[in-house]
Amino acid sequence: MGDAAAKLRFFQAIGEWARRGNRGAVSVLVDDLKYLDPASTEVGQHLISSVFKAAQPQPRLLCALRSGEAWPLEHFFEAAAQAGLVALVNLEPLDEEGIEGLVASLAPDQPGLGARLYRSTGGNPFFAVETLRALAQRGDWSGPLPLAERVASSLEARLARLSTGALRRARAGAPPWR
């Protein structure tokens with residue numbers, strides 16, 4: 001939409017739709033913001049600044065975005081946090097105890113797997129869950145931990161964004177998959 005007035009009316013209509021559609025909702029979750037196209041990103045930015053404000057009690061908009069995966073969005077969220085529109089919560093990797101608890105809940109009959117999984121994934125919950133899924137699909141919990149397909153795809157996408165020099169340094173320092 002090239003016309004600024006038409007774009008604003010469109011954004012306002014979407015804002016009204018979001019307000020009415022989420023009446024009574026406690027929260028709205030949007031995962032993997034990295035997949036938003038530029039037009040959807042612009043709509044989302046408008047909604048955050050006009051509908052889902054951090055100061056209002058309900059509904060809360062919960063967005064998931066991994067650091068380094070969508071620079072324009074990261075900058076928007078940082079600025080929105082400084083303006084008091086959003087609250088940023090950085091999620092840290094799980095510690096070894098957390099990974100062991102995850103393994104105990106998903107694969108309780110696999111003693112010792114939690115420590116191995118923690119060493120291999122660094123506590124990344126996505127990597128841990130996908131590795132557990134790959135082990136279950138393989139049907140063999142012993143031996144080397146597999147590099148799950150979705151983990152490999154995620155890593156490849158991250159590496160593809162690196163400069164040639166940074167990629168060379170990353171490859172030189174990467175430990176073999178355990």
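What counts, and at which threshold
Residues numbered from 1 in each chain as written. Predicted model: local features only at pLDDT ≥ 70, side-chain atom pairs only at ≥ 80, totals over all residues. Heavy atoms only, no water. Helix = DSSP H or I, 4+ residues; strand = E, 2+ residues; numbered from the N terminus. Rg over C-alpha atoms; globule rule 2.2 N^0.38 Å. Buried < 20%, exposed > 50% of the residue type's maximum accessible area, 1.4 Å probe, protein only. Contact = heavy atoms within 4.5 Å. Core = buried A, V, L, I, M, F, W, Y, C linked by side-chain atoms within 4.5 Å. Phe/Tyr/Trp six-rings, centres within 6.5 Å; stacked < 30°, edge-to-face > 60°. Salt bridge = Lys/Arg side-chain N within 4 Å of Asp/Glu carboxyl O. Axes fitted to C-alpha atoms, helices over the stretch in contact; angles between N-to-C directions. Left-handed = near helix turned anticlockwise from the far one by under 90°. Nonpolar A, V, L, I, M, F, W, Y, C, P; charged D, E, K, R; others polar.

**Overview of the overall build of the protein chain**
Piece 1. Looking only at helices and strands, one finds 8 helices and 2 strands in the protein chain.
Piece 2. In sequence order, the secondary structure elements of the protein chain are arranged as α-β-α-β-α-α-α-α-α-α.
Piece 3. Expected size for 178 residues packed as a compact globule is a radius of gyration near 16 Å; at 21 Å, the protein chain overshoots this value by more than 25%.
Piece 4. The principal-axis extent of the C-alpha atoms belonging to the protein chain is close to 60 × 45 × 30 Å.
Piece 5. Sorting the 178 residues of the protein chain into buried and exposed places 30% on the buried side.
Piece 6. Pairs at least 24 residues apart make up 64% of the contacts formed inside the protein chain by residues separated by at least 6 positions.

**Some remarks on the environment of Arg23**
Piece 1. Here Arg23 is to be found in the loop between α1 (4-21) and β1 (27-30).
Piece 2. Separated by 83 residues in the primary sequence, Arg23 and Leu106 place their C-alpha atoms 35 Å from one another.

**A short note on the nonpolar core**
Piece 1. Core analysis: the biggest nonpolar cluster contains 10 residues, these being Ile99, Leu102, Val103, Ala107, Leu113, Leu117, Ala128, Leu132, Leu135 and Leu145.
Piece 2. For this core, the secondary-structure elements that each account for two or more residues are α4 (96-106), α5 (113-121) and α6 (125-138).
Piece 3. The contacts of Leu102, once residues within four sequence positions are left out, are Ala128, Val129 and Leu132.
Piece 4. Ile14, Ala18, Val43 and Val51 belong to the second-largest nonpolar core, a separate cluster that totals 8 residues.

**As for the packing of aromatic side chains**
Piece 1. According to the stated counting rule, one finds 3 aromatic pairs in the structure shown.
Piece 2. Both rings, one in Phe10 and one in Phe11, keep their centres 6.1 Å apart while their planes meet at 45°; by these two values the pair is tilted.
Piece 3. The exposure class assigned to Phe10 is partly exposed, which follows from its relative accessible area of 35%.
Piece 4. Judged by relative accessible area, Phe11 falls into the buried class, the value being 10%.

**Quick notes on the pattern of salt bridges**
Piece 1. Under the definition given, this model contains 4 salt bridges.
Piece 2. A salt bridge links Glu130 to Arg150; the nearest nitrogen and oxygen atoms lie 3.2 Å apart. One end of the pair, Glu130, is in helix α6; the other, Arg150, is in helix α7 (residues 149-160), and 20 residues separate them in sequence.
Piece 3. Judged by its relative accessible area of 6%, Glu130 falls in the buried class.
Piece 4. Three or more residues are tied together by salt bridges with common partners; here these are Glu130, Arg133 and Arg150.

**Topic: the packing of α4 against α6**
Piece 1. In contact at an axis separation of 11 Å, α4 and α6 are set at 35° when each is read in the N-to-C sense. In this structure, α4 meets α6 at a crossing whose hand is right-handed. When α4 is examined against α6, the residues Ile99, Leu102, Val103 and Leu106 are found in contact with a partner set consisting of Ala128, Val129 and Leu132.
Piece 2. Grouping the amino acids of the contact of α4 with α6 by side-chain chemistry returns 7 nonpolar, no polar and no charged.

**Concerning the environment of Glu149**
Piece 1. Take Glu149: it is sitting in helix α7.
Piece 2. Of the residues examined, Glu149 reaches a relative accessible area of 69% and is grouped as exposed.
Piece 3. Along the chain, Glu149 and Ala134 lie 15 residues apart, while their C-alpha atoms are 8.1 Å from each other.

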